[in-house]
Amino acid sequence: MTISSSSSTVGIVGSGIMGSGIAEVAAKAGHDVVLRSRKQDTADAMRAGLEKSLGKQVEKGRLSEEERDVTLARVTTTDQIADLADCDLVIESVVEDLAVKRALFAELDEVVAPGAILATNTSTLPVVEMAVATGRPESVVGVHFFNPAPMMALVEIVAPLTASEETAEAVTEFATGCGKSPVRVADRAGFIVNALLFPYLNNAVRMLENGTASRDDIDEAMKGGCNFPMGPLALLDLVGLDTSVAILDALHAEFADPNFSPAPVLRRMVAAGHLGRKSGQGFHDYRR
Ligand SMILES: NC(=O)c1ccc[n+]([C@@H]2O[C@H](COP(=O)([O-])OP(=O)(O)OC[C@H]3O[C@@H](n4cnc5c(N)ncnc54)[C@H](O)[C@@H]3O)[C@@H](O)[C@H]2O)c1
C-alpha cells in the first residue's frame, strides 16, 4: 500500500482537539479529507473550525484566498462510518480509551477497503491491541501527532510487532508529505516524548500540591529557567487533564513506575469537569 504524498483520501475519526488539527494538516498537504464524527453537527462544526483557522491564516498573509478555498473544498463531513470506505488511510483520534479504540478498529476493518491503512493517534496505548482487533494487523500503525498538530513538527511513527515494513514506510512518507518530521519508535507506552515528558508534568502537579511553589511560579520557573515555551501546568491544560490522566494511567500500567501514578488532584479536577483549555478551566482560567 502506498499513500501518495498528495492526493490520497484520508479519513479522520474523532472531532476533538487532535482530530481537527490533523484534518487541517492533511487537507493543506493536498489530500481529500473525510471527517467522521458520531454526530453530523459536530463534524460540521469541525469543518467550520477549519474554515475559521484557514481564514485567520489568510488575514495574516500566510495563505492565499485561493489556497483557502481549494483546501476547504477537499474536506467533506459525515456521521456514517461507511463513508470512509474509499479512504487510503484512516487516522482515528477518539478518546484515549483502549476498549473504545479496539471497537472502532473492528468497525473500521469492516468498512474500509482491504489494503488501506488504519492508524491511531494514541498517545500511550498499545498499538498492537488495536491491530489484532482487525483482520489486517499488518496494515495497522501508530501515527502520533503533537498538539497543536498544524504547528508541531514531530510525528512519532509506531510500528507494532504485527505491522509490515511497507505500512510503516507508507505512513512515514505521508507524514513527510504533510511537512512533518517523523521519527520511528517501538510500541511502548508513551513512545519517546510522553514517556519522558509525563513524569515531569506529573511531578509539577505534586510540587503544586505539596506547597513547594505557586502555580504561576512553577510555570514561570520552567519558562525562564529552561527556556520552555510554556510551563508544565499550562501544558497540562493544553493537552487536557482527562487525556493527561489517561496517558499517566497507561504509562503506570506498563512500567509500574510511581512517577507515572497520576497526582491525586488531577483525577479530582477531571471529576469536577476542570479539563483545561477545552472546558475553560484547568490549572489556569480560560473563561475570560
Ligand atoms: N490532547 C493532546 O495533546 C494529544 C496529543 C497527541 C495525541 N493525543 C491523542 O489523541 C486522541 C484524542 O485526543 P484529543 O485531545 O483530541 O481529545 P478530545 O477530548 O479533544 O476529543 C476526543 C474525541 O473522542 C470522541 N469520543 C469520546 N468518547 C467516544 C466514544 N466512546 N466513541 C467514539 N468517540 C468518542 C469525542 O467526541 C471527541 O471527538 C487520544 O488518543 C489522545 O491520547 C492527544
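Student: Just checking my understanding: could you explain the side chain of E156 for this structure?
Tutor: Residue position: E156 is located in strand β7 (residues 154-158). Within the buried core, E156 has no salt-bridge partner, and the shortest N-O distance to an opposite charge, that of R184, equals 12 Å. Here I192 takes part through its backbone nitrogen, which lies 3.1 Å from a polar atom of the side chain of E156. Here the side chain of E156 touches V193 through a polar contact of 2.9 Å, landing on its backbone nitrogen. Excluding its chain neighbours within four sequence positions, the residues that come into contact with E156 are G142, V143, H144, F146, V183, V185, G190, F191, I192 and V193.

Student: Explanation requested: the state of the cysteines in the structure shown.
Tutor: Structurally, a disulfide amounts to a covalent bond that connects the sulfur atoms of two cysteines. This model, assessed by the stated rule, comprises zero disulfides. The cysteine C178 is free of any disulfide, with C87 supplying the nearest cysteine sulfur at 14 Å.

Student: Can you help me understand the site of the ligand in this one?
Tutor: The immediate surroundings of the ligand are formed by 21 residues, with E96, K101, S123, V239 and K278 found nearest. Measuring from an oxygen atom of the ligand, one finds a side-chain N or O atom of K101 at 2.8 Å. N121 is positioned such that a nitrogen or oxygen atom in its side chain is 3.1 Å from an oxygen atom of the ligand. Of all the elements in the fold, those that place two or more residues in the shell around the ligand are α1 (17-28), α4 (98-111) and β6 (140-145). Per-class residue counts for the shell around the ligand are seven nonpolar, 10 polar and four charged.

Thresholds applied
Residues take numbers from 1 onward in each chain, read along the sequence in its written order. It should be noted that, the model being predicted, local features are given only for residues of pLDDT at least 70 and side-chain atom pairs only at 80 or more, the latter also being counted only at that level, while totals for whole chains, interfaces and linings use all residues. The side-chain figures draw on all heavy atoms in the structure; neither hydrogens nor water molecules are used. Helix numbers and strand numbers start at the N terminus; a helix is a DSSP run of H or I with at least 4 residues, a strand a run of E with at least 2. With a 1.4 Å probe rolled over the protein chains alone, any residue whose accessible area is under 20% of its type maximum counts as buried; one over 50% counts as exposed, and the rest are partly exposed. Charge convention: Lys and Arg are scored as positive, Asp and Glu as negative, and His as well as the terminal groups of each chain are ignored. One side-chain nitrogen of Lys or Arg within 4 Å of one carboxyl oxygen of Asp or Glu is enough to make a salt bridge. Polar contacts, as counted here, are pairs of nitrogen or oxygen atoms within 3.5 Å of one another; within protein the pair requires one atom able to donate a hydrogen and one able to accept it, and residues that are adjacent in sequence qualify only if both atoms are side-chain atoms. Should any heavy atoms of two residues lie within 4.5 Å, those residues are considered in contact. Disulfides are defined as cysteine sulfur pairs within 2.5 Å. One heavy atom within 4 Å of a molecule or strand is enough for the residue carrying it to be called near that molecule or strand. Think of it as three bins: nonpolar holds Ala, Val, Leu, Ile, Met, Phe, Trp, Tyr, Cys and Pro, charged holds Asp, Glu, Lys and Arg, and polar takes everything else, Gly as well.

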